[in-house]
Structure formats: C-alpha cells, structure tokens
Amino acid sequence: MLTHKIVLLSGDGIGPEISEVSKKILLKLSDKFNFNIEIEEELFGGIAFEKFEDPAPKSTLDKCKSCDAVLLACVGDSKYDQLPRELRPESGLLKLRSDLNLFANIRPVKIRNSLIESSSLKKEVIQNVDLVVVRELTSGIYFGEPRGIIKNKNKERAFNTMVYNTDEIERITEIAIQIAKKRNNRICSVDKANVLEVSQLWRKTVENMAKNYKEIHLSNMYVDNAAMQLIRDPSQFDVILTNNIFGDILSDLAAMLTGSIGMLPSASLNNIGPGVFEPVHGSAPDIAGRNIANPIAMALSTAMLLRIGLNQIQAADNLELAIDKVLSKRFRTSDLDDGKSEIISCSKMGEKILEEI
Ligand code: IPM
Ligand code: MN
C-alpha cells in the first residue's frame, strides 16, 4: 500500500485545535481510500521558539524537506512582538518558505452557495466568484536587501527594498499560466507600474511571457484599483497574478468575499520538492483554547495537500464534498454566524465533517 509521509506543524494560537480536526480527517480518508499516512508532528513558530529559541529549528526544516507534504496550521502571538525580528514566529514562516524555495503561493477563493448569506457583501456581487490568487512568495519586499533600522541621535530611519529579478517573475508567471490554462485562460497581473520600477519590470516580463501562449488573455491592473474591483465586481477575475506583498493584502481582502477568512486554504509550492499547505488565516490568539475556531480553512488546505501534494484526487474530492454537505446542513462555527444556522464548536465541526466522509 502507498505510504505518504506528512509533517504536521500545528504552531501557535488556534493551531493545535484546528490541526486535531485535520489529523482525524487525514486518517479517516486514508482508511477509506486505501493508502497509509504517516503524520510526524514537529515544533514550529512561537512554540518552537519557547523550546529552542528558534521559530524554525533546523530539525523541523530538515523533516519538512524530506517528507511528501507539509501541513501547517498557523503561527504567531502578540507576546512575541518585542522579540528581535528574526526570532519572531512570522520570521520562522518566512524561513520555511525560503528554505524550501516555495515561490508559488496559490490561494483559491470560491464562493460556496451555502455561505452566500455569510458574506458582508451582497449576494448579487459575490455569487459567481471563483478566482485564484497566485502570489510570489520568496522574493519582493519581504526578502529584499538592504533592509534595516538606523538609529540616529534624535530620529530613527527604517527601510526595506522591493526587488525582483526577471527569472523570479518568469517562474511565477509560468505557474499562473499553467493554472489559467486549466481554468478560463484569463490572468490579471496586479502591480503598481505607474509608480514603481520593480512593477515596470514585472509588467514587461509578464507581458513577454504571455505572448507565447495565444490562448491566454492577459490584463494588467494597478493594485489600488484591484482592491476596489475585488469589492465592486469580484467575479470579473479568474487568475490574479501578483507579487509577495500585494498578494498578501489582496488575498485577505478576497477571503472576506467567502464570508470569513476562516474558509480560505492555500498551497505554497515549487516545481520539485514538497509543498506547504496552510490556511490563509493567522493564529487568532484571542480565541485560542476556546474550541470556537473555524477548522475549515485548514481542512480545505488538507484537501489541497491531498490533491496537489499527494495526488490523492478522490480523497480530496470527498473531503471538499463533505465540507459542503456540513455547511449546507447549516452547521457553522461562530465566525460564519448568519442568524439562521446552528453554531457549533471547532471539534464538533470536525465530527460533522468526519460523519460525511
Ligand atoms: C500570510 C501571512 C504571512 C505573510 C505572515 C504571517 C508572515 O499573513 O501567509 O498571508 O505575510 O505572508
Ligand atoms: Mn497574510
């Protein structure tokens, strides 16, 4: 029987609660679809800092590099805000992305019919939304040098660098093109080419690449306009291709179209090694330990792990269907409260999903 090796990083905040749900889901699916799954849990984020004074310990990174896929919950807590930047849980996450060379972050945003009423936007605006944000993840202003804070006598000066090389833009564009070809062949590349040189290079490179694919319809949009269009008429988008920081911001924005950021999964990939599958949301320390978090974004990330990371398509389909069924039976965690549904806990939501598998 096929055995898949998964590393599970449950991280901080609500991480352990939502991880518990995904762990049970994976085991049940492996049983049903006849494959073995070995889940190894490793410390990562704030909890790893507590033990090793390092949010991304080498032992954890090594395990991640040698498994089939990594399932990550979330990291971070305000209690680490005072730490030097490189020791903060978020820096651990950036190190994981960079060490595994996960340059492509895929964030699908699809409206589930059963959740249309949970969005803060009108039904007419969101009903046909089905888009993917393709975010460059290992370069741009997140990683650019020089960066730092200079202390002068009476003032401080802080600076970061937004930087892209042609090859970095090309490889993420290639990913967006391949995704668009399996969808509706439309790519909207989002930049700020009216102000930033780095966006001018971005636009030129994306346009050059798209010319090689006659079936691809490429459009360009400034990021401020894209933010507006995502609220005004989100169903105009198919694939949104953008840089690291614009993708970070626009994907949170797009998440709210689906009713709650607690619904959005993601995959961080390269062309060769294991991918990292994680919800888009953070660790929500304010609700941690109360068993009220929404485990669905992580469960949907688990479905992406099955589909993309392990090629277990049937199991992935089954899981997504199970989640749809639970939602259409009007069970919700409190973030999705629409006044007409039964509000259940995180673990109860897990049980409901398991029942439908
Ligand atoms: C995300 C998160 C991270 C990011 C943080 C936690 C570093 O917001 O995955 O979107 O900014 O990339
Ligand atoms: Mn983010």
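Treat the numbers as computed from the prediction; the structure is a model and nothing was measured.

Novice: Mind laying out the domain arrangement of the protein chain, listing which residues take part and the relevant values?
Specialist: When cut into domains, the protein chain gives domain 1 (1–108 + 261–357) and domain 2 (119–258). Distance between the C-alpha centres of domain 1 and domain 2: 24 Å. Surface buried jointly by domain 1 and domain 2 totals about 1,700 Å² across both partners, of which 64% is contributed by carbon and sulfur atoms. Counting across the interface, domain 1 meets domain 2 through zero salt bridges. At the junction of domain 1 with domain 2, the criterion picks out four residue pairs in polar contact (both at pLDDT 80 or more). Elements that contribute at least two residues to the side of domain 1 that touches domain 2 include exactly helix 4 (89–99) and strand 4 (104–110). Per-element accounting of the side of domain 1 that touches domain 2 gives the leading share, five residues, to strand 4. Within the side of domain 1 that touches domain 2, the residues separate by chemical class into 10 nonpolar, five polar and three charged.

Novice: Tell me about empty space enclosed by the protein, and please be specific about residues and values.
Specialist: Within this structure, the stated rule accounts for one cavity of 30 Å³ or more. Its volume calculated, the largest cavity comes out at about 40 Å³. What lines the largest cavity is simply Met162, Tyr164, Val190, Asp191, Val198, Ser199, Trp202, Asn243 and Phe246. When contributions to the lining of the largest cavity are tallied by element, the ones reaching two or more residues are strand 8 (186–191) and helix 7 (197–210). Counting residues per element, the lining of the largest cavity draws most heavily on helix 7, which supplies three residues. A breakdown of the residues in the lining of the largest cavity according to their chemical character gives six nonpolar, two polar and one charged.

Novice: I'd love a proper account of the sheet that holds strand 8, names of residues and values included.
Specialist: The strand order across the open sheet formed by 10 strands is 2-1-3-12-11-4-5-10-8-9, and the pairing between neighbours is mixed. Two strands close off the open sheet at either side, each with one partner strand: strand 2 (36–41) and strand 9 (217–222). Shown here is a sheet whose adjacent strand axes are inclined to one another by a mean of 25°, direction ignored. Sitting on the sheet, helix 3 (residues 58–65) is in contact with strand 1 (3–11), strand 2 and strand 3 (69–74), with an inclination near 145° to strand 1. Against the sheet, helix 4 makes contact with strand 1, strand 3, strand 4, strand 5 (130–136) and strand 12 (275–279), and its axis sits at roughly 145° relative to strand 12, the strand it touches most.

Novice: Provide a residue-level description of the site of ligand 1, including the pertinent values.
Specialist: All residues in the neighbourhood of ligand 1 are listed as Glu90, Leu93, Arg97, Arg107, Arg135, Tyr142 and Asp248. In the model, an oxygen atom of ligand 1 is placed 2.8 Å from a nitrogen or oxygen of the Arg107 side chain. In the model, an oxygen atom of ligand 1 is placed 2.9 Å from a nitrogen or oxygen of the Asp248 side chain. Its free accessible area being 320 Å², ligand 1 has 78% of it covered by the protein chains. Of all the cavities here, the one that holds ligand 1 is the second largest pocket. A per-class count over the shell around ligand 1 returns two nonpolar, no polar and five charged.

Novice: Which residues make up the pattern of salt bridges, and what are the values?
Specialist: Under the counting rule described, the total for this entry stands at 26 salt bridges. Asp81 serves as the salt-bridge partner of Arg88, at 3.5 Å between the closest nitrogen and oxygen. Across the pair Glu90 and Arg88 runs a salt bridge whose closest N-O atoms are separated by 3.9 Å. Taking the relative accessible area as the measure of exposure, Glu90 reaches 35% and is therefore partly exposed. Via salt bridges that share partners, Glu20, Lys23 and Glu41 belong to a single interconnected network.

Novice: I'd love a proper account of the pairing of strand 10 (residues 239–242), names of residues and values included.
Specialist: Neither face of strand 10 is open: one carries Val239 and Leu241, the other Ile240 and Thr242, and all of them are buried. For strand 5 and strand 10, the ladder comprises four bridges, and the chain directions are parallel. Bridged to Val133 within strand 10 is Ile240. Note: strand 8 against strand 10, four bridges, orientation parallel. Bridging from a neighbouring strand, Ile187 pairs with Val239 of strand 10.

Novice: Now, about the layout of surface pockets: what can you tell me, with residues and values included?
Specialist: Volume-wise, the largest pocket comes out at about 890 Å³. What lines the largest pocket is a set of 28 residues, among which Ile106, Pro108, Val132, Met304 and Ile308 lie closest to the centre. Among the elements that make up the lining of the largest pocket, the one with the highest residue count is helix 6 (residues 166–181) (five residues). For the lining of the largest pocket, a count of residues per class yields 15 nonpolar, three polar and 10 charged. Three or more residues apiece are contributed to the lining of the largest pocket by two domains, here domain 1 (1–108 + 261–357) and domain 2 (119–258). The computed volume of the second largest pocket comes to approximately 610 Å³. The set of elements that each furnish at least two residues to the lining of the second largest pocket consists of strand 3, helix 4, helix 9 (244–255) and strand 12. No other element matches helix 4, which puts five residues into the lining of the second largest pocket. Here the lining of the second largest pocket spans two domains, and each of domain 1 (1–108 + 261–357) and domain 2 (119–258) adds at least three residues to it.

Definitions and cut-offs
Residues numbered from 1 in each chain as written. Chains lettered and ligands numbered in written order. Predicted model: local features only at pLDDT ≥ 70, side-chain atom pairs only at ≥ 80, totals over all residues. Heavy atoms only, no water. Domains from an automatic or database assignment. Buried area = accessible area lost by both parts, 1.4 Å probe. Salt bridge = Lys/Arg side-chain N within 4 Å of Asp/Glu carboxyl O. Polar contact = N/O pair within 3.5 Å; in protein donor to acceptor, adjacent residues only side chain to side chain. Helix = DSSP H or I, 4+ residues; strand = E, 2+ residues; numbered from the N terminus. Nonpolar A, V, L, I, M, F, W, Y, C, P; charged D, E, K, R; others polar. 1 Å grid on protein atoms, 1.4 Å probe; cavity = no way out; pocket = protein on both sides within 12 Å on 5 of 7 lines; lining within 4 Å. Points joined across faces, edges and corners; volume = space filled by probe spheres on them. Pairing = 2+ DSSP bridges. Axes fitted to C-alpha atoms, helices over the stretch in contact; angles between N-to-C directions. Contact = heavy atoms within 4.5 Å. Near = heavy atom within 4 Å. Areas by Shrake-Rupley, 256 points an atom, 1.4 Å probe, with all protein chains shown as cover. Sits in = over half its atoms within 2 Å of the grid points. Buried < 20%, exposed > 50% of the residue type's maximum accessible area, 1.4 Å probe, protein only.

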